[in-house]
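Next come the chains, spelled out residue by residue.
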Amino acid sequence: PDPLARLADLARMHAVPFAFSNFVHVSGGAPAPRSHFACDPQGFWDRSGRRVGEGLFVADVPLLPHVLAYQAIFPSCTLVSRAFYERQGGFNAAFARNVSEDLEFTLRCVREAPSGIDTRPTVHIRRHGANYSGDWVRGLAGSIEILKYAAANHGLPEEWRSAIDREIIRRSIEGIDHAFPDGRFAEIGHFARDVPAAGMSWKTRLKVMIAALPSPAARPLAPLLTRGGPRR
């Protein structure tokens, strides 16, 4: 009942223009057993700043490299000062129909420090089949488009642009792996353009080769590589 008040207190008391909190996914009416931050294998949400209260942190370094590795900043859990929002240029209307449009704005915000972090889950995010963001493959494609834009237009240092390039390759491979079981072969071709041959495993290369075949030939072969394959 108090997520905005808690974030507002964090922002005022510690002069952070951008703050965000943890959240919990809800599916089928039941909350997930772990919060979203708790699913982060690196645990940097707890370690990237100084503790300023129970579950509250201030990150004195830019969080962009961390957000590339694990995006856990959700619009419903975010507080931004008007001055900071306007200085960042607000949301980019060019990405209005991109399922990952908030990522582009978030990446601009986390180029700077400080940021406030509330590790307490304050919001439930409901997931269901009709979610516009529920298509994982489309979400990966959208995020790759935004990462390319950020690398080219956000004035980032070379180290961060290199990290973005690596993340584009990782997400492209993930896109191939998730599109293949559903026979979304045209999308596999788009993902494959961003992955150098040396960056693919033999199995990923085989998926790309099968996806490039005419559909009548590709579809009977696909199940051979998809038993137990990734689905979301």
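This one's a predicted model, so the numbers in the text were calculated from it and none came from an experiment.

A. Highlighting the pattern of salt bridges. Using the criterion set out here, one finds 16 salt bridges in the structure. Note that D9 and R12 form a salt bridge whose closest N and O atoms lie 2.7 Å from each other. With D9 and R12 both in helix α1 (residues 3-14), this residue pair falls three residues apart, about one helical turn. Using a relative accessible area of 37% as the deciding quantity, one classes D9 as partly exposed. Among the ionic pairs, R87 bridges to E112, the shortest N-O distance being 2.9 Å. Taken together, the positions of R87 in helix α4 (residues 82-88) and E112 in the loop between α5 (101-109) and β6 (115-127) put the pair 25 residues apart, joining distant regions of the chain.

B. Region of interest: the packing of α5 against helix α6 (residues 136-153). Orientation of α5 relative to α6, taken along the N-to-C sense of each, is 30°, at an axis distance of 9 Å. It follows that α5 is roughly parallel to α6 by the angle criterion. For the pair α5 and α6, the sense of crossing is right-handed. Listed contacts from α6 to E101, L103, E104 and L107 of α5 are S143, I146, L147, Y149 and A150.

C. Helix α8 (residues 185-192), seen in detail. Looking only at α8, the buried set comprises F185, I188, F191 and A192. Here the buried residues of α8 occupy an arc of 105° about the axis, which is enough to place them on one side.

D. A look at the pairing of strand β4 (residues 56-59). Here β4 shows no split at all, with L56 and V58 on one side and F57 and A59 on the other all buried. As defined by bridge partners, strand β3 (residues 50-53) adjoins β4 across three bridges and the pair is classed as antiparallel. Within β4, the position partnered with R50 by the bridge is V58. Here β3 folds back onto β4, and the loop between the two strands holds two residues, one of which, G55, carries a positive phi near 75°. Pairing of β4 with β6 involves four bridges; the strand directions are antiparallel. When the sheet's bridge partners are listed, L56 is paired in β6 with D118.

E. Molecular detail of the packing of helix α7 (residues 158-179) against α8. Direction vectors running N to C along α7 and α8 enclose 165°, while the axes themselves pass 9 Å from each other. On the basis of the axis angle, α7 is roughly antiparallel to α8. Considering how the two elements wind past one another, α7 and α8 form a crossing that is left-handed. Facing α7, whose interface residues are S172, G175, I176 and A179, α8 presents I188, F191 and A192. Here the residues of the contact of α7 with α8 are counted per class, giving five nonpolar, two polar and no charged.

F. Structural view of the packing of aromatic side chains. Under the definition given, this model contains nine aromatic pairs. Pairing F18 with F84 gives two aromatic rings, centres 6.2 Å apart and planes at 40°, and the pair type is tilted. Placement of F18 in strand β1 (residues 18-27) and of F84 in helix α4 is noted, with a sequence separation of 66 residues between them. Residue class for F18 comes out buried when judged on its relative accessible area of 1%.

G. Highlighting the nonpolar core. If you look at the biggest cluster of nonpolar residues, it comprises 48 residues, and the most contacted ones within it are L107, I164 and I188. Where this core is concerned, the elements lending two or more residues are β1, β4, α3 (64-69), α5, α6, α7, α8 and α9 (202-211). Among residues more than four places away in sequence, those in contact with I188 are I176, A179, F180, V208 and A211. Of all hydrophobic cores here, the second largest spans nine residues; its members include L7, A8, L10 and A19.

Scoring rules and cut-offs
Residues numbered from 1 in each chain as written. Predicted model: local features only at pLDDT ≥ 70, side-chain atom pairs only at ≥ 80, totals over all residues. Heavy atoms only, no water. Salt bridge = Lys/Arg side-chain N within 4 Å of Asp/Glu carboxyl O. Helix = DSSP H or I, 4+ residues; strand = E, 2+ residues; numbered from the N terminus. Buried < 20%, exposed > 50% of the residue type's maximum accessible area, 1.4 Å probe, protein only. Axes fitted to C-alpha atoms, helices over the stretch in contact; angles between N-to-C directions. Parallel < 35°, antiparallel > 145°, perpendicular 65-115°, else oblique. Left-handed = near helix turned anticlockwise from the far one by under 90°. Contact = heavy atoms within 4.5 Å. Arc of directions from axis to C-beta. Pairing = 2+ DSSP bridges. Nonpolar A, V, L, I, M, F, W, Y, C, P; charged D, E, K, R; others polar. Phe/Tyr/Trp six-rings, centres within 6.5 Å; stacked < 30°, edge-to-face > 60°. Core = buried A, V, L, I, M, F, W, Y, C linked by side-chain atoms within 4.5 Å.

By themselves, these observations are geometric and do not establish any function.
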